[in-house]
Amino acid sequence: GGELARKYLRPRAELIAAVYEFWKQHALDDNVLGVHYRGTDKTEEAPRVSFDEMAATVEQYLASHPDLRAVFVASDESAFVVFMMNRFTDIRVVARDDFRRSDGADSVHQDLDNVVEIQRDAVINCLLLARCASLVKTASFLSAFAALLNPKLEPVMVNAPYEETLWFPERQMLDRQMPR
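Okay, so let's go over this structure. Since this is a predicted model, take the numbers as computed values, not measurements.

Another aspect to go through is the packing of helix α3 (residues 51-64) against helix α4 (residues 78-87). Geometrically, a packed helix pair is captured by the angle between its two axes and the distance between the axes. At a closest axis distance of 11 Å, the pairing of α3 and α4 adopts a crossing angle of 45°. Considering their axes alone, α3 and α4 lie oblique with respect to each other. Viewed along their axes, α3 and α4 form a crossing whose handedness is right-handed. Of α4, the residues touching α3 (which contributes Phe51, Asp52, Met54, Ala55, Val58 and Glu59) are Ala79, Phe80, Phe83, Met84 and Arg87. Considered class by class, the residues forming the contact of α3 with α4 number eight nonpolar, no polar and three charged.

All told, the structure shown has seven salt bridges when counted by the stated rule. The shortest N-O distance in the salt bridge between Glu14 and Arg120 comes to 3.1 Å. Of this pair, Glu14 sits in helix α2 (residues 13-25) while Arg120 sits in helix α5 (residues 115-131), placing them 106 residues apart in sequence. A relative accessible area of 32% means that Glu14 is categorised as partly exposed. Residue classification places Arg120 among the partly exposed positions, given a relative accessible area of 32%. Note that Arg87 and Glu59 form a salt bridge whose closest N and O atoms lie 3.1 Å from each other. You can see Arg87 sitting in helix α4 and its partner Glu59 sitting in helix α3, a full 28 residues away along the chain.

Counted at 1.5 Å a residue, the expected span for α3 with its 14 residues is 20 Å, and the 20 Å between its end C-alpha atoms agrees. For α3, the complete set of buried residues consists of Phe51, Met54, Ala55, Thr57, Val58, Tyr61 and Leu62. Down the axis of α3, the buried side of the element spans an arc of 160°, and every buried residue falls inside it. Along α3, the residues that are exposed and aim more than 90 degrees away from the buried face are Gln60 and Ala63. Elements that come into contact with the buried residues of α3 comprise β1 (32-37), β2 (70-75), α4, β4 (134-137) and β5 (156-157).

What counts and what doesn't
Residues numbered from 1 in each chain as written. Predicted model: local features only at pLDDT ≥ 70, side-chain atom pairs only at ≥ 80, totals over all residues. Heavy atoms only, no water. Axes fitted to C-alpha atoms, helices over the stretch in contact; angles between N-to-C directions. Helix = DSSP H or I, 4+ residues; strand = E, 2+ residues; numbered from the N terminus. Parallel < 35°, antiparallel > 145°, perpendicular 65-115°, else oblique. Left-handed = near helix turned anticlockwise from the far one by under 90°. Contact = heavy atoms within 4.5 Å. Nonpolar A, V, L, I, M, F, W, Y, C, P; charged D, E, K, R; others polar. Salt bridge = Lys/Arg side-chain N within 4 Å of Asp/Glu carboxyl O. Buried < 20%, exposed > 50% of the residue type's maximum accessible area, 1.4 Å probe, protein only. Expected span 1.5 Å × (residues − 1). Arc of directions from axis to C-beta.

Shown next as structure tokens:
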């Protein structure tokens, strides 16, 4: 799966440029932890993870990987990004200024009036997560795809999709993380 994605999918040059510009603007290096929190309507496919549970997982990961010097946060929920920036004050936390994030239970990807901007943000966030050294994530195809693009990433999945919604590539990630 991942080999095919890396071989045949080529993001447009302007998207690659946006990734490099963000990395340069924030003076990031190879020691960045990517954190992806998918909220809103994802509860139809996986149990919702509390912000505190996600932060505890990130804290544990950072404690066991002291070489990580920054955290890149991607999320469809504004409140989560603010929460992470307020919770982690002893390490640099950065996030993109996405076109739109949810301020409640509404799902960003269902905003059909702004679909081009939202999809652009999703691709750039995916590419940024793929550039990170490590990844802590909730169930989401966006961050699963980031792991396909970067085979060195060993994602830590905080929640698993329900059995009836556990598809490729997350099934394989969970099998590596917690053999059944």
